[in-house]
Amino acid sequence: MIKYQGELVLLNKRLLEMASLVETMIAKSIKALREGNMILAQEVIGTDEQVNAMEIEIDNLCIKILALYQPEATDLRTVTMIMKVNNDLERIGDHASSISRMALFMAEYPLIKPLVDIPKMADKAMEMLREALDAFIRQDEQLAVEVCRKDDEVDNYEPQIVRELITFMMSDPSTLNRALRYIYVARHLERVADLATNIAENAYYIATGEMLKHQHTSEIN
C-alpha cells in the first residue's frame, strides 16, 4: 500500500511538472511573437520533444498503476482522467510550438499593428489552464465549472481578431501572409482554451463521478 501511494504521488508530481512546462511554453511563444524573438521561439519548439517524452512517461506510469494495483472508486477515476489530461497537455505543447513557428516567420517582418487582443486572449487561456489544473489537483468541482464558463470569453476574442485582420488585408494586400498567421495564432489559443475546458471537465468527473461535458454550466449551482 505504501508503494502504491508513492506511485500516485509520483504520478501527480510528473503531471504538475508537465503542466508547468506547457504553460511556460505558451507564455514564451506569445512573448516571442510580440518581440520578434527568434531565439525564444526556437526554445519553445525545442521543448516540445521534452513534453512528448513526459507524455510517454506519464502514460506508462498510469498503465503500471492500473495493472499492478487495480485502483477503485476515486483512485480509478483519477488515474484514468490523468491519462486524458496528459494527452491534453501534450496537445497544448503542440499549439505552443505552432505559435512559435508563426513567431519565427513574423520576426522577419514589421508588425501590422501593436498586438493587443492576442496577448489578452493568451492571458485568459493560460488563466483557464492554471485554474483547470488547480481544480483537477484539488478535486474542486465548483472551480471546474467556473473554468468551463470562461471558455466563451476566449472564444469571443477570435471573431474580433479576424474581423480586424481582414480589414488590414483588404486595405493593404501586402499584409496578407502576416495577417493570416495572426489568425492562425488566435485559433491555436482558442484550442488551448478548449483543452483547458477538457481538463476542467475531467476535474469535475473526479470530484463528483458525473460527466460535465454534456451539461450546460448555467444549470449547475
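The coordinates are above.
Residues numbered from 1 in each chain as written. Predicted model: local features only at pLDDT ≥ 70, side-chain atom pairs only at ≥ 80, totals over all residues. Heavy atoms only, no water.

1. Focus on the overall build of the chain
The secondary structure content of the chain amounts to six helices and zero strands. The order of α-helices and β-strands along the chain, N terminus first, is α-α-α-α-α-α. With the C-alpha coordinates of the chain rotated into their principal frame, the extents come out at 65 × 40 × 20 Å. Burial analysis of the chain (221 residues in total) assigns 48% to the buried set. (Helix = DSSP H or I, 4+ residues; strand = E, 2+ residues; numbered from the N terminus. Buried < 20%, exposed > 50% of the residue type's maximum accessible area, 1.4 Å probe, protein only.)

2. Focus on the nonpolar core
Grouped together as the largest cluster of nonpolar side chains are 74 residues, with contacts concentrated most on Leu89 and Phe136. Going through the elements one at a time, α1 (2-35), α2 (38-69), α3 (73-106), α4 (117-138), α5 (141-171) and α6 (176-208) are the ones with two or more residues in this core. For this core, the element with the most residues is α6, which contributes 15 residues. Ignoring sequence-local partners within four residues, the contact set of leucine 89 consists of Leu15, Met18, Ala19, Val22, Val51, Leu129, Leu133 and Ile199. (Core = buried A, V, L, I, M, F, W, Y, C linked by side-chain atoms within 4.5 Å. Contact = heavy atoms within 4.5 Å.)

3. As for the environment of isoleucine 92
Inspection of the secondary structure puts isoleucine 92 in helix α3. The exposure class assigned to isoleucine 92 is buried, which follows from its relative accessible area of 0%. Once the C-alpha coordinates of isoleucine 92 and leucine 68 are considered, the two residues, 24 residues apart in sequence, prove to be 30 Å apart. Excluding residues that lie within four positions of it along the chain, isoleucine 92 makes contacts with Val22, Ile26, Leu129, Val192 and Leu195.

4. Description of empty space enclosed by the protein
This structure, assessed with the given rule, holds one cavity of 30 Å³ or more. Of the pockets and cavities examined, the largest cavity occupies roughly 90 Å³. What lines the largest cavity is simply Lys113, Leu115, Val116, Asp117, Ile118, Ile161, Glu164, Leu165 and Tyr182. For the lining of the largest cavity, the elements supplying multiple residues, two or more each, are α4 and α5. Top element by residues in the lining of the largest cavity is α5. It accounts for three residues. Looking at the lining of the largest cavity residue by residue, the class counts come to six nonpolar, no polar and three charged. (1 Å grid on protein atoms, 1.4 Å probe; cavity = no way out; pocket = protein on both sides within 12 Å on 5 of 7 lines; lining within 4 Å. Points joined across faces, edges and corners; volume = space filled by probe spheres on them. Nonpolar A, V, L, I, M, F, W, Y, C, P; charged D, E, K, R; others polar.)

5. Here's the deal with the packing of aromatic side chains
What characterises a pair of aromatic rings is the spacing of the ring centres plus the angle enclosed by the ring planes. Tallying each qualifying case throughout the model produces two aromatic pairs. Aromatic pair tyrosine 4 and tyrosine 69: ring centres 5.0 Å apart, planes at 40°, arrangement tilted. One end of the pair, tyrosine 4, is in helix α1; the other, tyrosine 69, is in helix α2, and 65 residues separate them in sequence. Judged by its relative accessible area of 8%, tyrosine 4 is buried. Aromatic side chains phenylalanine 105 and tyrosine 109 sit 5.1 Å apart centroid to centroid with 35° between the ring planes, which places their arrangement in the tilted category. When its relative accessible area of 23% is taken as the criterion, phenylalanine 105 is described as partly exposed. Between arginine 77 and the ring centre of tyrosine 205, over which it is positioned, the NZ or CZ distance is 5.9 Å. Above the face of the phenylalanine 105 ring, arginine 181 is positioned so that its terminal group lies 3.6 Å from the ring centre. (Phe/Tyr/Trp six-rings, centres within 6.5 Å; stacked < 30°, edge-to-face > 60°. Lys NZ or Arg CZ within 6 Å of the ring centre and 35° of its normal.)

6. As for the packing of α1 against α6
Two elements in contact, α1 and α6, have axes whose closest approach is 13 Å; the angle formed by their N-to-C orientations is 165°. Classified by the angle their axes make, α1 and α6 are roughly antiparallel. Between α1 and α6 lies a crossing of left-handed hand. Contact residues: α1 offers Ile26, Ile30 and Leu33, while α6 offers Tyr182, Val185, Leu189 and Val192. Each residue belonging to the contact of α1 with α6 can be placed in one class, and the counts come to seven nonpolar, no polar and no charged. (Axes fitted to C-alpha atoms, helices over the stretch in contact; angles between N-to-C directions. Parallel < 35°, antiparallel > 145°, perpendicular 65-115°, else oblique. Left-handed = near helix turned anticlockwise from the far one by under 90°.)

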